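Coordinates in review
One letter stands for each residue in the lines below.
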Amino acid sequence: MPTLDIHNPATGALITRLAALDAAAVAAKAQAARAAQPAWARQPISERLGLVQRFRDAVAANIDSLAATLTAEVGKPISQARNELMGLLPRIDFFLERSESSLRDEHVFDGGGVHEQIGHEPLGVVACISAWNYPWFVGCNVILPALLAGNAVLYKPSEHATLSGHHLTRLLHQSGVPATLLQCLVGGGEVGAALALQDIDALCFTGSHATGLRIASAMAGRLVKLQLELGGKDPSYVRADADPKTAAESLADGAMYNTGQSCCAVERIYVHEAIHDAFVGHFLAAVAALRMGNPMDDASTLGAITRAPQIAVLQAQVADALAKGATLRCGGAAVPGPFDGQGNWFAPTVLTEVDHRMDLMREESFGPIIGIQKVADDATALALMNDSRYGLTASVYSADEAAARALLAQVRAGSVYWNCCDRVSPRLPWSGVGDSGMGLTLSTYGIQTFSRTKAWHLRHG
Ligand code: NAD
């Protein structure tokens, strides 16, 4: 029987060992989900909404204990774990408020004895293969609208956030979702790979570009709906007319929140030369004010690096940048952290005099590290922002809304921000361009994405 060890990335300690699935168990779960789905789909949506409302109440009643589990297994500061769970509640409210209207039949024509309507039917069995960095957000972005639309869900949480995945599944089961309709598949990448081979109707993946490509290749030759929410190299541009202090504080938070391990973290910054030095001063002050410490401590604002191999990626990006002429302004190396050298810790790192020859400005860092590049004008900044194979989010800081809008209209990204960054709204679609993925979640489009439209042509008489 395969097993999965769950470690605390802050201390290196083993939290628990779980039984994992083998390929035969994955297949059995997929068959059970297939069998359970039609009865679930036949229920009126009001029944399903009632269960999700109960789930929302259960999350709200257990925020402290769920946050403690999340922090223990991913190493994020406890205040940020609580923020994720509290931030989940308005997302659930959005799904509760908008699912019924988004999935209602649309009567689009009536005339000459003909009635035309659009129906929204469930896809069937949806596989959800998920990431660890915001397991409640990225899990629920798929699982809740998929369930509400009448689908069965096979949920493969990340091996680095499996305990949170277990709680998510358990609370939905306790709320009344049948155990065979929503199943949690414990294991690593091999369980995800086995899941992709099952008789499923859609696969929604959140994770790295490399794994996304592997899944897309494995699915080739089968007409299964595929959604890929992948990484980014999200740029920001600070125009000459921006307030350098306000922009620096906002962007330092955008780069370092969740210890830089957010898909929409700010990953590269371009600053107009007129305010570059002032901006860098304020940025360094904001980074110096961060408190790296025991993630369970409420005062900590920087936590551990969740996956140990990422330390080498960060170190290599620093070394490459320095070799090509960058200036290290702070950090730059792994540090012992608060547990006597145990766990995975990396100092918040800022580099200036950077350019696009450096991996730091081209490849996803996924850690507390940022490059700040001086630019002479808007046109150069725009060209640099678009000089990436990724396109998840992008931001512009400026006192001039029209100028910011004009730039953002030309940026290749799924989400754009004026005077803010690293922000997700349930009311807006979440999607990537290029190597940041395909398909979307959230918004009413992200509800309809879990249904299949059916065209009805009805002739009277
Ligand atoms: P990952 O690609 O390592 O793993 C993601 C999931 O895929 C895990 O559950 C893993 O077990 C599974 N997996 C691994 N190999 C597989 C295979 N061959 N077949 C099927 N499944 C397989 O990514 P991660 O480290 O968990 O997450 C970090 C990445 O996710 C970053 O790149 C980040 O930007 C991205 N991300 C994107 C979004 C978004 O909304 N666009 C949100 C969160 C994270």
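Scope of this entry: the structure provided in the associated data block. This structure is a prediction, so every number in the text was calculated from the model and none was measured.

The next subject is the overall build of the chain. For the chain, the helix and strand inventory stands at 14 helices and 20 strands. Against the globule reference of 23 Å for 461 residues, the chain gives a C-alpha radius of gyration of 23 Å, in line with a compact fold. Along the first, second and third principal axes, the C-alpha atoms of the chain reach 75 × 60 × 45 Å. Within the chain, buried positions represent 55% of all 461 residues. Contacts spanning at least 24 positions in sequence make up 71% of the contacts within the chain whose residues lie at least 6 apart. Across the chain, the 36 positively charged side chains and the 44 negatively charged ones have centroids separated by 5 Å.

As a further point, take the sheet that holds strand β4 (residues 114-122). For sheets, the rule is that strands pair by backbone hydrogen bonds, running either parallel or antiparallel. In spatial order, the strands read β3-β4-β20; together these three strands make up an open sheet with antiparallel pairing. Of all strands in the sheet, those with a lone pairing partner are β3 (106-111) and β20 (451-459), marking the two edges. Adjacent strand axes in the sheet meet at a mean angle of 20 degrees when their direction is disregarded.

In this section: helix α1 (residues 23-42). Its 20 residues give α1 an end-to-end C-alpha distance of 30 Å, which sits within 8% of 28 Å, the value for a rise of 1.5 Å per residue. At Ala36, α1 is bent by approximately 35 degrees, the largest bend along its length, and proline Pro38 sits one to four residues beyond. Listing the buried residues of α1 in full gives Val26, Ala30, Ala33, Ala36, Gln37 and Trp40.

Not every one of the 29 residues close to the ligand is listed here, only the nearest: Lys156, Glu159, Ser208, Thr211 and Glu364. Between the ligand and the protein, one listed contact pairs an oxygen atom with a backbone N or O atom of Ser130 at 2.8 Å. Out of a free accessible area of 860 Å², the ligand has 91% covered by protein chains. One can see that the ligand is located within the largest pocket. Among the elements of the structure, α7 (189-196), β8 (202-206) and α8 (209-219) are those that each provide at least two residues to the shell around the ligand. When residues of the shell around the ligand are assigned to their parent elements, the largest contribution, three residues, is made by α7. Residue classes in the shell around the ligand are distributed as 13 nonpolar, 11 polar and five charged. There are two domains that each give the shell around the ligand at least three residues, and those are domain 1 (3-230 + 436-459) and domain 2 (234-425).

To describe a pair of aromatic rings, you give the distance between the ring centres and the angle between the ring planes. Using the criterion set out here, one finds four aromatic pairs in the structure. Each ring, one from Phe94 and one from Phe95, has its centre 6.1 Å from the other, and the planes form 65 degrees; the classification is edge-to-face. Across this residue pair, the class does not change: Phe94 and Phe95 are buried. With a centroid separation of 5.7 Å and 35 degrees between ring planes, the pair formed by Phe279 and Phe283 is classed as tilted. Of this pair, Phe279 and Phe283 are both found in helix α10 (residues 276-288), four residues apart, which corresponds to roughly one turn of the helix. The aromatic ring of Trp40 is capped on one face by Arg48, whose charged end is 6.0 Å from the ring centroid.

A separate point is helix α9 (residues 244-256). Taking 1.5 Å of rise per residue, 13 residues should cover 18 Å, and α9 covers 18 Å from first to last C-alpha, within 8% of that figure. When we look at burial in α9, the residues that qualify are Pro244, Ala247, Ala248, Leu251, Ala252, Gly254, Ala255 and Met256. Along its buried surface, α9 packs onto β10 (234-238), β11 (266-272), α10, β13 (349-352), β14 (369-375) and β15 (393-397).

Cut-off values and rules
- Residues numbered from 1 in each chain as written.
- Predicted model: local features only at pLDDT ≥ 70, side-chain atom pairs only at ≥ 80, totals over all residues.
- Heavy atoms only, no water.
- Helix = DSSP H or I, 4+ residues; strand = E, 2+ residues; numbered from the N terminus.
- Rg over C-alpha atoms; globule rule 2.2 N^0.38 Å.
- Buried < 20%, exposed > 50% of the residue type's maximum accessible area, 1.4 Å probe, protein only.
- Contact = heavy atoms within 4.5 Å.
- Lys, Arg positive; Asp, Glu negative; His and termini not counted.
- Charge placed at Lys NZ, Arg CZ, Asp CG, Glu CD.
- Pairing = 2+ DSSP bridges.
- Axes fitted to C-alpha atoms, helices over the stretch in contact; angles between N-to-C directions.
- Expected span 1.5 Å × (residues − 1).
- Bend = angle between axes of the 7 residues up to and from the residue.
- Near = heavy atom within 4 Å.
- Polar contact = N/O pair within 3.5 Å; in protein donor to acceptor, adjacent residues only side chain to side chain.
- Areas by Shrake-Rupley, 256 points an atom, 1.4 Å probe, with all protein chains shown as cover.
- 1 Å grid on protein atoms, 1.4 Å probe; cavity = no way out; pocket = protein on both sides within 12 Å on 5 of 7 lines; lining within 4 Å.
- Sits in = over half its atoms within 2 Å of the grid points.
- Nonpolar A, V, L, I, M, F, W, Y, C, P; charged D, E, K, R; others polar.
- Domains from an automatic or database assignment.
- Phe/Tyr/Trp six-rings, centres within 6.5 Å; stacked < 30°, edge-to-face > 60°.
- Lys NZ or Arg CZ within 6 Å of the ring centre and 35° of its normal.

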